[in-house]
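Each chain, written out:
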Amino acid sequence: MKFRKSPVKAATKTTAKKPAQKVKKTPVKPLTALKPAAKTPARGKLPARLLQAGEPAPYRIENAKGSAPVLIVCDHASNRVPKALNNVGLSKADLEKHIAWDPGTENIGRYMSDKLDAAAFFATYSRIVVDVNRGERSPECMREVSDHIQVPGNKGLSAAQKRQRLDEIFWPYHRALTGQIKNYLKKGIVPVIVSLHSFTPEMDGFKRPWHIGVLWNKEEEIARRVVENLRAQNPGMVVGENEPYTLKQANLTKNTIKTHAEDTGLPYVIVEFRQDLVATKRDALKWGRIFLEALAPILMDEGLYRPRRERERTVSKKPASRKPARAKPAKKKPLRKAAK
Ligand SMILES: [Zn+2]
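Residues numbered from 1 in each chain as written. Predicted model: local features only at pLDDT ≥ 70, side-chain atom pairs only at ≥ 80, totals over all residues.

Enquirer: Sorry if this is basic, but what is going on with the packing of helix H5 (residues 105-116) against helix H9 (residues 281-299) here?
Expert: Think of two packed helices as two axes; the pair is described by the angle between the axes and how far apart they sit. At a minimum axis separation of 8 Å, H5 and H9 run at an interaxial angle of 50 degrees. It follows that H5 is oblique to H9 by the angle criterion. Of the two elements, H5 crosses H9, and the hand of that crossing is right-handed. Within the contact between the two elements, H5 uses Asn-107, Ile-108, Tyr-111, Met-112 and Lys-115 and H9 uses Lys-281, Ala-284, Leu-285, Trp-287, Gly-288 and Leu-292. Among the residues making up the contact of H5 with H9, the classes are represented as 7 nonpolar, 2 polar and 2 charged. (Axes fitted to C-alpha atoms, helices over the stretch in contact; angles between N-to-C directions. Helix = DSSP H or I, 4+ residues; strand = E, 2+ residues; numbered from the N terminus. Parallel < 35°, antiparallel > 145°, perpendicular 65-115°, else oblique. Left-handed = near helix turned anticlockwise from the far one by under 90°. Contact = placed C-beta atoms within 7 Å. Nonpolar A, V, L, I, M, F, W, Y, C, P; charged D, E, K, R; others polar.)

Given below as structure tokens:
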């Protein structure tokens, strides 16, 4: 789960230090003289630091000491672009689109954090700058084109430019998330990770029919219970199971939940809200409530707060259908709050 820092400093320090004049004057040993220059970015100016004074850290933790054994994570909460990147060449209108963020998720995350008294972890920079929910080497981590929209500021990034985004945004985000999770584990708490996303209603001409989607890879048990509750509590709701996409897709083999929950066995659920349904704060809170009502009975189950290996030993023996744990006495303070 530890993230290794990439050696960006060595590369950035060499930037534009080699005077061309010197090379001309010493033609006898051009190879040794030119060697360091190979590390300089091929194109584009690299600021000493990407994030400037007054700009936020790449993550924000709200209600950090919340009492619930639940951590809410919003990878795509923000469409902010560091000033140095000049909106990555996108118009303000394009930065409002799903290519830059998951509208609605910040409001839903705050709502759930409040109702559950749970810590919430938000990304503070746009996914179009660097997508923390992808592998660092994935072409989708810094997309040159997203949903048919060209991203001028991401074209032909040098290795040093990519490393700078990773070093100043991507890795600090993941290290802080690791640290936040460790805080629970140190206290002997296995937290449930609740990952919030939203999806565009239409992709490549296809109108996505789902109101909400639940995603999983190995953590199927919790996901199925959430789907079951959503359907039972909201007749007529179209609930996607591993829709609008599945975590089993090749381009999603590395992502936030895989790294921080699936690979380590922490219980998790990933939910996707349709963006046109959560566009206003009022609607976002409404859908936050709908989702929380489906999730809350599951969070009441004390057996949930164990590593997956332990849970599978007992869960696999249970029958396929089970009643939600709503009838259980509200032992956990956050859930009493959620029931309001
Ligand atoms: Zn997302």
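Enquirer: Would you explain the pairing of strand E2 (residues 70-74) in this entry?
Expert: Taken residue by residue, a regular strand's side chains alternate between the two faces of the sheet. Counting buried positions along E2 gives 5 out of 5 residues, so the element sits mostly inside the fold. Of the two faces of E2, the one holding Val-70, Ile-72 and Cys-74 and the one holding Leu-71 and Val-73 are both buried throughout. Here 4 bridges tie E2 to strand E6 (residues 192-199), and the two strands are oriented parallel to one another. When the bridges of E6 are listed, Val-73 appears paired with Ser-195. In the sheet, E2 pairs with strand E3 (residues 119-123) via 4 bridges, with the strands oriented parallel. Of the residues in E3, the one forming a bridge with Cys-74 is Phe-122. (Buried ≥ 20, exposed ≤ 12 C-beta atoms within 10 Å, placed from the backbone. Pairing = 2+ DSSP bridges.)

Enquirer: What am I meant to see in the environment of Val-238 here?
Expert: With respect to the helices, strands and loops of the structure, Val-238 is situated in the loop between helix H7 (220-233) and strand E10 (239-241). The exposure class assigned to Val-238 is partly exposed, which follows from the 15 C-beta atoms found within 10 Å. Along the sequence, Val-238 and His-211 sit 27 residues apart, while their C-alpha atoms lie 5.4 Å from each other. With residues up to four places along the chain from it excluded, the contact list for Val-238 reads Pro-209, Trp-210 and His-211.

Enquirer: Sorry if this is basic, but what is going on with the nonpolar core here?
Expert: Soluble, globular proteins show a tendency: their nonpolar side chains are buried together. Counting 70 residues, the largest nonpolar core has Ile-72, Val-226 and Val-269 as its most contacted members. Counting residues per element, this core draws most heavily on H9, at 8 residues. In this view, Val-269 contacts Val-194, Val-214, Ile-222, Ala-223, Val-226 and Leu-295; residues no more than four positions away in its chain are not counted. (Core = buried A, V, L, I, M, F, W, Y, C linked by C-beta atoms within 7 Å.)

Enquirer: Can you help me understand unusual backbone geometry in this one?
Expert: A negative phi holds for most residues other than glycine; trans holds for most peptide bonds. Here the amide bond leading from Glu-243 into Pro-244 is cis, since omega sits at 10 degrees, within 30 degrees of zero. Relative to the helices and strands, Pro-244 is located in the loop between E10 and helix H8 (256-262). Unlike most non-glycine residues, Asp-147 shows phi in positive territory, near 45 degrees. When the 13 C-beta atoms within 10 Å are taken as the criterion, Asp-147 is described as partly exposed.

Enquirer: I'm lost on the packing of H7 against H9 in this one. Help?
Expert: In contact at an axis separation of 8 Å, H7 and H9 are set at 130 degrees when each is read in the N-to-C sense. The pairing of H7 with H9 is recorded here as oblique in orientation. H7 and H9 meet at a crossing whose hand is right-handed. Counting all contacts with H7, which are made through Ile-222, Arg-225, Val-226, Asn-229, Leu-230 and Gln-233, the residues of H9 involved are Glu-293, Ala-294, Leu-295, Pro-297 and Ile-298. Taken together, the residues of the contact of H7 with H9 break down into 7 nonpolar, 2 polar and 2 charged.

Enquirer: I would appreciate a short explanation of the pairing of strand E11 (residues 268-274) in the present structure.
Expert: Burial analysis of E11 places 7 of its 7 residues in the buried class, the great majority of the element. Of the two faces of E11, the one holding Tyr-268, Ile-270, Glu-272 and Arg-274 and the one holding Val-269, Val-271 and Phe-273 are both buried throughout. Sheet topology places E6 next to E11; 7 bridges connect them, and they run parallel. Its bridge partner lying in E11, Ser-195 is registered against Ile-270. In terms of strand pairing, strand E9 (residues 212-215) meets E11 through 4 bridges, oriented antiparallel.

Enquirer: Help me understand H7 in this model?
Expert: Residues lying three or four places apart along an α-helix face the same way, a consequence of the helix completing one turn every 3.6 residues. In a regular helix each residue adds 1.5 Å, so 14 residues correspond to 20 Å; H7 covers 20 Å between its end C-alpha atoms and thus fits that length. Every buried residue of H7 is listed here: Ile-222, Ala-223, Arg-225, Val-226, Val-227, Asn-229 and Leu-230. Close packing links the buried residues of H7 with E9, E10, E11 and H9. (Expected span 1.5 Å × (residues − 1).)

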